[in-house]
Amino acid sequence: MSQGVRLETELRYVKGIGLAFATRLEKLGLKTVKDLLWHFPSRYEDFSKITNIADLIPGEPATIQGVIHDIKILRSFRKKMFIIQATVVDNTGSIRATWFNQKFLVAMLKKGMVINLAGKISDGKNGLSFSHPSYEIVGFSEDEEQFMEDAAEYREEIESFKHTGRLVPVYPETRGVTSKGLRFLIKPLLDEMERLPETLPEGMLVRAGVAEINDALRKIHFPDTMDDVLYARRRFAFEDIFYLQLVNILERSRLAKENAHACGIDQKWFKELLERLPFELTDGQRKTVDEIVLDLAKPHPMNRLLQGDVGSGKTIVAIMAAIIAAENGLQASFMAPTEILANQHYQTFKKIFGNYEKGVALLTASGAKVFYGEGLESEAKKPEVIKKLAKGEIKIAIGTHALIQKGVEFANLALVVIDEQHRFGVRQRQALAGHKKGDGEYLPHFLSMSATPIPRTLSLTLFGDLDISVIGELPKGRKEIITKIVPPASRTDAYAFIRGQVKKGRQVFVICPRIEKAEEDEDKKNWFAVDTKTVKEEYEKLSKKIFPDMRVAMLHGKLKPAEKDAIMQSMKKGDIDVLVATSVIEVGVDIPNASIMMIEGSDRFGLSQLYQFKGRVGRGEHQSFCLLFTDSSAQTTKDRLEALVGAKNGFELAEKDLQLRGPGEFMGQSQTGLPDLAMRSLHDLKLVKSAREAAEGILGMDPDLTSHPQLKDIVRKFHDKVHLE
Ligand code: ADP
Ligand code: MG
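Residues numbered from 1 in each chain as written. Chains lettered and ligands numbered in written order. Predicted model: local features only at pLDDT ≥ 70, side-chain atom pairs only at ≥ 80, totals over all residues. Heavy atoms only, no water.

**Overview of the sheet that holds strand 22 (residues 594-599)**
Okay, step 1: The parallel open sheet is built from six strands, whose spatial order is 18-23-22-19-21-20. Both outer strands of the open sheet, strand 18 (482-486) and strand 20 (552-555), are each paired with one neighbouring strand and no more. Sheet twist, expressed as the mean angle between neighbouring strand axes with direction ignored, is 20 degrees.
Okay, step 2: Relative to strand 23 (residues 625-629), strand 22 runs parallel, the two sharing four bridges. Looking at strand 23, one finds that isoleucine 599 is bridged to leucine 628.
Okay, step 3: Against the sheet, helix 20 (residues 561-573) touches strand 19 (507-511), strand 20 and strand 21 (578-581), its axis set at about 140 degrees to strand 20.
Okay, step 4: On top of the sheet, helix 21 (residues 607-614) reaches strand 18, strand 19, strand 22 and strand 23; it is set at about 150 degrees to strand 22, its chief contact. (Pairing = 2+ DSSP bridges. Helix = DSSP H or I, 4+ residues; strand = E, 2+ residues; numbered from the N terminus. Axes fitted to C-alpha atoms, helices over the stretch in contact; angles between N-to-C directions. Contact = heavy atoms within 4.5 Å.)

What follows is the structure, encoded as structure tokens:
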């Protein structure tokens with residue numbers, strides 16, 4: 001690296017960057033030389049396939065090569081905008097290119113220069129043109145000397161362009177930092193820097209067939225071919241997945257050494273517990289309960305993920321686990337992502353185990369309740385509940401984040417359950433891990449539950465440190481939900497159908513993408529927001545015009561918790577016919593009498609979210625329906641909605657979704673903390689397998705990484721960043 005510049009060097013101290021530019025880079029999250037070099041292109045502009053101007057097709061992306069015949073600045077009339085317009089000619093024809101507000105282009109692109117332009121071709125009233133194309137200076141058609149003089153200021157840039165490969169990297173950008181700017185920073189750094197030391201252990205590269213770090217860095221920024229790109233990406237993906245595997249294996253062996261309260265069962269009360277259930281457990285539920293019972297009986301912490309399709313009955317399994325802890329004289333904490341859900345779990349508990357005397361509390365931001373059996377329920381003051389938890393006088397606490405708030409402590413916490421674990425951010429999950437105090441020496445057992453079915457390939461990689469239980473079937477007697485895509489023309493029929501269902505006593509959910517029109521939409525007439533259905537408008541329309549004779553209510557995130565709670569309760573009691581809501585009811589809500597899920601603007605939701613909505617119905621004995629309303633006729637919308645219509649279960653849909661979107665989109669970086677490249681490579685089983693083997697190999701020889709201090713340090717940092725618990 002150029003004299004004195006190291007990976008940790010802050011960018012502001014790098015020659016030629018300066019404070020102002022460094023500040024802009026910081027907005028991209030780039031502080032050090034390492035950050036910059038690890039800021040990878042999101043795609044590459046391919047300047048290698050040149051099309052004749054005469055053969056350009058409107059709407060299609062293309063690259064042309066030609067001579068600049070003419071370049072000038074225009075000013076748009078109304079707005080104070082500069083338009084740079086160039087005419088470029090090749091042997092077959094000429095085409096216009098326009099850029100907005102890039103005045104410097106006239107100083108750089110000169111008449112007579114040979115340039116490449118790449119971008120989408122638009123078709124306007126003046127014929128075909130490029131709008132905002134990427135460009136590359138190739139050389140000069142005549143009088144090169146003169147142009148070089150004119151362009152002296154830009155000589156460095158022009159020279160460097162001539163040496164750029166045919167594939168030009170395009171970076172994720174921000175205001176004031178263009179892809180080109182980034183190329184100019186990265187190129188000299190890569191050219192001048194000393195070779196970086198390899199971060200992966202010797203021998204591993206060869207065994208796994210991945211690129212060496214310097215080679216990979218150069219190829220990811222300045223590849224000659226797309227194969228170079230794939231080769232380089234593979235290395236970085238391998239590296240992160242390798243670290244993830246190390247983290248998982250280390251975490252697993254760390255937990256195996258920790259102590260936890262062994263919670264045994266007594267066959268007699270356990271049998272009574274099963275008899276108390278209003279239904280028979282499904283095979284999947286029974287198997288899962290068995291696995292949990294075995295885990296809880298061990299003196300080391302359980303770390304288990306329970307996956308089960310929406311409606312498969314995970315709640316009762318969690319409640320049983322909590323009761324096992326309580327019967328051992330210990331405490332359990334059961335946390336859900338929303339108040340609606342926490343409240344629902346509390347109600348379920350009360351309904352099934354109405355005479356439970358050991359103390360069950362509901363604790364949320366808006367209040368607290370406790371019950372000690374039939375007739376012994378009270379609205380309790382929060383401080384009082386918190387005190388009782390600390391003294392161990394309440395055995396089971398059900399709640400929201402309120403349960404991990406400062407000041408909430410347990411006397412002897414043996415079990416932590418989190419419902420809908422994917423709804424908790426990485427940070428909250430970390431807080432939970434910090435919450436694992438128990439009574440000092442002991443860690444609680446940990447059960448997380450997810451209704452977002454994660455395909456097996458993904459879960460093994462991402463949750464390699466967890467044991468996984470799966471409830472693979474729904475309770476008996478459920479009818480398949482009939483799912484239909486409803487085009488605008490059939491709206492009236494759909495309303496008539498809904499009316500018929502309500503007459504039969506069923507209840508209906510109507511989901512809208514937004515609560516109300518945002519003010520700025522009105523101002524700007526934001527085109528995509530114009531016909532987005534909103535809860536408030538739909539509520540008005542349905543309650544006054546379409547179903548004036550029915551009981552219509554609305555539910556959204558801006559209501560007070562107590563209001564939301566009251567609405568959910570009356571929906572549950574059957575006092576509401578039609579509930580218009582936002583995605584607040586997305587997860588977990590259980591109302592068996594609701595049989596119609598009608599989704600407005602269904603193209604605006606992700607597949608797994610739509611699946612969650614659909615899972616709100618079909619929970620009782622009645623035939624249920626999911627109606628997907630959409631105004632979009634795009635093929636991608638059709639494909640996605642069809643996938644939802646056709647999917648037999650959540651796992652199948654998740655596999656499909658994974659194919660349609662790739663793992664990056666499917667899980668999302670914010671959710672996993674795993675770098676994007678690695679995320680996108682998770683479906684590459686061979687890569688994942690070799691990363692796993694590499695991790696096992698190295699830990700087999702060096703279980704604590706004592707002889708790999710550098711790796712140990714990297715893994716520690718990686719752990720903090722990605723750990724999913
Ligand atoms: P999820 O797995 O989506 O959290 P829930 O735990 O909310 O599902 O259960 C969905 C519904 O199925 C609830 O009304 C619950 O009472 C019911 N249920 C759970 N297990 C069974 C079973 N074995 N037989 C019949 N109904 C069941
Ligand atoms: Mg649930």
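**Quick notes on the site of ligand 1**
Okay, step 1: In the vicinity of ligand 1 there are 16 residues, among which Gly311, Lys314, Thr315, Arg478 and Asp590 approach most closely.
Okay, step 2: Taken by itself ligand 1 offers 570 Å² of open surface, and the protein chains cover 85% of this.
Okay, step 3: When the residues that make up the shell around ligand 1 are grouped by side-chain class, the tally is four nonpolar, six polar and six charged. (Near = heavy atom within 4 Å. Areas by Shrake-Rupley, 256 points an atom, 1.4 Å probe, with all protein chains shown as cover. Nonpolar A, V, L, I, M, F, W, Y, C, P; charged D, E, K, R; others polar.)

**A word on unusual backbone geometry**
Okay, step 1: If you check the backbone angles, histidine 132 has positive phi at about 55 degrees while not being a glycine.
Okay, step 2: Take histidine 132: it is sitting in the loop between strand 6 (127-131) and strand 7 (134-140).
Okay, step 3: Judged by its relative accessible area of 39%, histidine 132 falls in the partly exposed class.
Okay, step 4: If you check the backbone angles, leucine 705 has positive phi at about 60 degrees while not being a glycine.
Okay, step 5: Along the chain, leucine 705 turns up in the loop between helix 26 (685-701) and helix 27 (709-722). (Buried < 20%, exposed > 50% of the residue type's maximum accessible area, 1.4 Å probe, protein only.)

**With respect to the packing of aromatic side chains**
Okay, step 1: By the definition in use, this model includes 14 aromatic pairs.
Okay, step 2: Pairing phenylalanine 497 with phenylalanine 625 gives two aromatic rings, centres 4.8 Å apart and planes at 85 degrees, and the pair type is edge-to-face. Residue phenylalanine 497 is located in helix 17 (residues 491-503), and its partner phenylalanine 625 is located in strand 23; the two are separated by 128 residues in the primary sequence.
Okay, step 3: By relative accessible area, phenylalanine 625 is classed as buried at 13%.
Okay, step 4: Every member of this aromatic cluster is reached through a ring pair, and the members are Tyr346, Phe349, Phe353, Tyr356 and Phe371.
Okay, step 5: Positioned above the aromatic ring of phenylalanine 236, the side-chain terminus of arginine 235 is 5.9 Å from the ring centre. (Phe/Tyr/Trp six-rings, centres within 6.5 Å; stacked < 30°, edge-to-face > 60°. Lys NZ or Arg CZ within 6 Å of the ring centre and 35° of its normal.)

**Focus: the environment of proline 299**
Okay, step 1: Within the element layout of this structure, proline 299 appears in the loop between helix 11 (283-296) and strand 9 (303-308).
Okay, step 2: For proline 299, a relative accessible area of 41% puts it in the partly exposed group.

**A look at helix 6 (residues 179-192)**
Okay, step 1: Helix length check: helix 6 (14 residues) gives 20 Å between terminal C-alpha atoms against 20 Å at 1.5 Å per residue, within 8%.
Okay, step 2: All buried positions along helix 6 are accounted for by Ser179, Lys180, Leu182, Arg183, Leu185, Ile186, Lys187, Leu189 and Leu190. (Expected span 1.5 Å × (residues − 1).)

**Examining the environment of glutamine 347**
Okay, step 1: Along the polypeptide, glutamine 347 turns up in helix 13 (residues 339-352).
Okay, step 2: Residues glutamine 347 and glutamine 569 lie 222 residues apart in sequence; the distance between their C-alpha atoms is 9.9 Å.

**Regarding the pairing of strand 9**
Okay, step 1: Strand 9 sits mainly inside the fold: six of its six residues count as buried.
Okay, step 2: In this structure, strand 9 lies alongside strand 16 (residues 445-450), joined through five bridges in parallel fashion. Across the sheet, leucine 306 pairs through a bridge with methionine 449, a residue of strand 16.
Okay, step 3: Across five bridges, the pairing between strand 9 and strand 17 (residues 467-471) is parallel. Directly across from leucine 306, in strand 17, lies its bridge partner serine 469.

**Some remarks on the pairing of strand 16**
Okay, step 1: Strand 16 sits mainly inside the fold: six of its six residues count as buried.
Okay, step 2: Burial along strand 16 is two-sided: the face carrying His445, Leu447 and Met449 and the face carrying Phe446, Ser448 and Ser450 are both buried.
Okay, step 3: In the sheet, strand 15 (residues 413-418) pairs with strand 16 via four bridges, with the strands oriented parallel. Considered in strand 16, the bridge of valine 416 is made with phenylalanine 446.

In short, shape yes, function no, at least from these values alone.
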